[in-house]
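Structure at a glance
Residue strings, one per chain:
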Amino acid sequence: MNLDLFYRQAVFSVAGNPKVEALIKTRARSLVRRYVAGETLEEALLVAERLEAQGVHAILDLLGEMVRSEEEARAFQKGILELIRAVAGRPWPKYVSLKLTQLGLDLSEALALDLLREILREAEPKGVFVRIDMEDSPRVEATLRIYKALREEGFSGVGVVLQSYLFRTEKDFWELLPYRPNLRLVKGAYREPKEVAFQDKRLIDAEFLHLGKLALKEGLYVAFATHDPRLIAEVKRYTGAMGIPKDRFEFQLLYGVRPEEQRRLAQEGYTVRAYVPYGTHWYPYLSRRIAERPENLFLVLRSLLGG
C-alpha cells in the first residue's frame with residue numbers, strides 16, 4: 001500500500017475514536033494553538049493584524065461543519081455575519097471562508113443556499129470576499145450547484161474550490177469555466193476511496209499543476225493552496241516563463257505552517273494569504289492537519305506526554 005495513503009487512513013481511523021478525541025482536547029492544547037488562532041473572533045482578528053504587519057493577508061474561517069439541525073446552521077450563519085461586520089472596517093483585504101455543511105447542506109440544499117445568499121447580501125456591499133470551501137466527494141455536486149446558482153443570481157464576490165485528487169475535477173473545471181470563477185486549487189484533505197480519488201501523491205501533485213496551469217491559460221484568477229516547496233517553485237517558474245503577472249494568482253498556506261515561507265513569498269511581491277481558523281469546533285480541522293503532515297503526529301504525541 002502507498003505509505004502516504006496508509007498513514008492518512010491510520011490517522012483518520014484513530015482520530016475518529018471518541019476517547020482519542022477527548023484526550024487530545026484535554027492534553028494537546030498547545031498544538032491546537034499552533035494551527036488555530038483561538039476560540040473567539042477577537043483572537044482571530046489579533047492574529048490577522050499580526051499577519052498583515054508581515055505582508056501576509058488573512059483568510060478568516062469560523063470553524064464548523066456537518067451540523068445536525070437548522071438551529072445550529074443558523075447559529076453558525078450568525079457567527080459568520082458577525083465576522084463579516086467585524087472585518088468590514090479593517091484597512092486590509094477582507095476575506096472569509098466557510099463550509100456549506102456548516103450552513104445545513106446535509107439537512108437541505110435549499111437551506112444552505114438561502115443562508116449563504118443572506119451572507120453574500122451582507123458581504124458584497126462591505127467588500128468582503130467569501131470562499132466556499134470544498135468538502136468530501138459526496139458533497140461536491142451540491143456545492144458546485146449552489147455556487148453556480150449564486151453566480152447566476154448576480155453575486156460576484158464568491159469563490160469556489162477544486163481538489164486535484166478527485167478524478168472528476170477536470171470535468172468540473174470545464175463546467176465551471178463559463179462562470180469565470182475565482183478559483184482556489186487544493187490537493188484535497190479528506191479521506192477518499194480509490195474509486196473516486198488518486199491515491200498516489202505524485203499523481204495528485206501532477207494533477208494540481210496541470211489544473212493550475214490550465215486555469216491560468218484560460219485567464220482565471222487562481223489561488224494555489226499548497227505548502228509544497230516543489231509545487232510553489234514550479235508555479236513561480238511557469239508564471240515567470242509565461243509572463244503571467246503576479247496579480248493574476250496568489251499563494252495560500254495554513255496559519256502555523258511554514259510561516260517563514262509565507263513572509264518570504266510576500267517579500268518577493270506575491271500575494272500571500274494564510275488560512276486563519278478559529279472557534280470551538282476545531283477537532284475535525286486538526287485531524288485533517290495531522291493526516292496531511294506526519295510530523296504533526298509527533299507534535300501530538302509530545303503534547304500528550306507533556307513535552
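Refer to the preceding data block for the structure.
All figures in this text were calculated on a predicted structure; none of them were measured in a lab. (Residues numbered from 1 in each chain as written. Predicted model: local features only at pLDDT ≥ 70, side-chain atom pairs only at ≥ 80, totals over all residues. Heavy atoms only, no water.)

Details of the packing of helix H8 (residues 169-176) against helix H9 (residues 201-217)
When two helices pack together, their arrangement is captured by the angle between the axes and the distance separating the axes. Remark: H8 packs on H9, axes separated minimally by 11 Å, with the N-to-C direction vectors making an angle of 10 degrees. Of the possible angle classes, the one that applies to H8 and H9 is roughly parallel. At the point where H8 passes H9, the crossing takes the right-handed sense. Of the residues in H9, those in contact with Thr169, Glu170, Phe173 and Trp174 of H8 are Glu207, His210, Leu211, Leu214 and Ala215. For the contact of H8 with H9, the per-class residue count stands at five nonpolar, two polar and two charged. (Axes fitted to C-alpha atoms, helices over the stretch in contact; angles between N-to-C directions. Helix = DSSP H or I, 4+ residues; strand = E, 2+ residues; numbered from the N terminus. Parallel < 35°, antiparallel > 145°, perpendicular 65-115°, else oblique. Left-handed = near helix turned anticlockwise from the far one by under 90°. Contact = heavy atoms within 4.5 Å. Nonpolar A, V, L, I, M, F, W, Y, C, P; charged D, E, K, R; others polar.)

Examining the pattern of salt bridges
Counted according to the given criterion, the structure contains 28 salt bridges. Among the ionic pairs, Glu49 bridges to Arg90, the shortest N-O distance being 2.8 Å. Within this pair, whereas Glu49 is found in helix H4 (residues 41-53), its partner Arg90 is found in the loop between helix H5 (70-87) and strand S2 (95-98), the two being separated by 41 residues in sequence. In this structure, the salt-bridge partner of Glu141 is Arg168, at a minimum N-O distance of 2.7 Å. Residue Glu141 is found in helix H7 (residues 140-152), and its partner Arg168 is found in the loop between strand S4 (158-163) and H8; the two are separated by 27 residues along the sequence. (Salt bridge = Lys/Arg side-chain N within 4 Å of Asp/Glu carboxyl O.)

Regarding unusual backbone geometry
In this structure, Met66 is a non-glycine residue whose phi angle is positive, near 50 degrees. Take Met66: it is sitting in the loop between strand S1 (57-62) and H5. Overall, the relative accessible area of 33% leaves Met66 in the partly exposed class. A positive phi angle, close to 50 degrees, is found at Arg180, a residue other than glycine. Checked against the element boundaries, Arg180 lands in the loop between H8 and strand S5 (183-186). (Buried < 20%, exposed > 50% of the residue type's maximum accessible area, 1.4 Å probe, protein only.)

Section: the pairing of S2
The two faces of S2 match: Tyr95 and Ser97 on one face and Val96 and Leu98 on the other face are all buried. Where S1 and S2 come together, two bridges link them in parallel fashion. Paired with Leu60 across the two strands is Val96, which belongs to S2. Regarding the hand of the β-α-β motif, the stretch spanning S1, H5 and S2 is right-handed. Bridge analysis of S2 against strand S3 (residues 129-132) gives four bridges, and the strand direction is parallel. (Pairing = 2+ DSSP bridges. Right-handed = clockwise from strand over helix to strand, strands pointing away.)

Side note on the nonpolar core
Grouped together as the largest cluster of nonpolar side chains are 86 residues, with contacts concentrated most on Leu60, Leu103, Leu116, Ile119, Phe224, Phe251 and Val276. If you tally residues by element for this core, the top one is helix H6 (residues 109-123), at eight residues. Those residues in contact with Phe251, other than ones at most four positions away along the chain, are Phe224, Ile232, Val235, Lys236, Leu265, Tyr270, Thr271, Val272 and Arg273. Listed in part, the 14 residues of the second largest apolar core include Tyr95, Phe129, Trp282 and Tyr283. (Core = buried A, V, L, I, M, F, W, Y, C linked by side-chain atoms within 4.5 Å.)

Quick look at the side chain of Gln252
Here Gln252 is to be found in strand S7 (residues 249-254). Among the residues examined, Gln252 registers a relative accessible area of 4% and is labelled buried. At 2.7 Å, the side chain of Gln252 forms a polar contact with the side chain of Arg184. A polar side-chain atom of Gln252 sits 2.7 Å from a polar atom in the side chain of Glu250. Residues in contact with Gln252, not counting those within four places in the same chain, are Ile59, Tyr95, Arg131, Arg184, Ala223, Phe224, Ala225, Thr226 and Arg273. (Polar contact = N/O pair within 3.5 Å; in protein donor to acceptor, adjacent residues only side chain to side chain.)

A few points about the pairing of strand S8 (residues 272-278)
Along S8, seven of the seven residues are buried, which leaves the element largely enclosed by surrounding structure. Side chains Val272, Ala274, Val276 and Tyr278 of S8 all project onto a buried face; the interleaved residues Arg273, Tyr275 and Pro277 project onto the opposite face, where all are buried too. Inspection of the sheet shows S1 paired to S8 by six bridges, in the parallel sense. Within the sheet, the bridge partner assigned to Leu60 lies in S8 and is Val276. In terms of handedness, the path from S7 via helix H11 (residues 259-267) over to S8 forms a crossover that is right-handed.

Points about the packing of aromatic side chains
In this structure the tally under the stated criterion is nine aromatic pairs. One aromatic cluster is present, built from ring pairs that chain together Phe208, Phe224, Phe249, Phe251 and Tyr270. One Lys or Arg, Lys246, reaches over the ring of Tyr270 and ends 4.4 Å from the middle of that ring. (Phe/Tyr/Trp six-rings, centres within 6.5 Å; stacked < 30°, edge-to-face > 60°. Lys NZ or Arg CZ within 6 Å of the ring centre and 35° of its normal.)

That is the geometry; function is a separate question.
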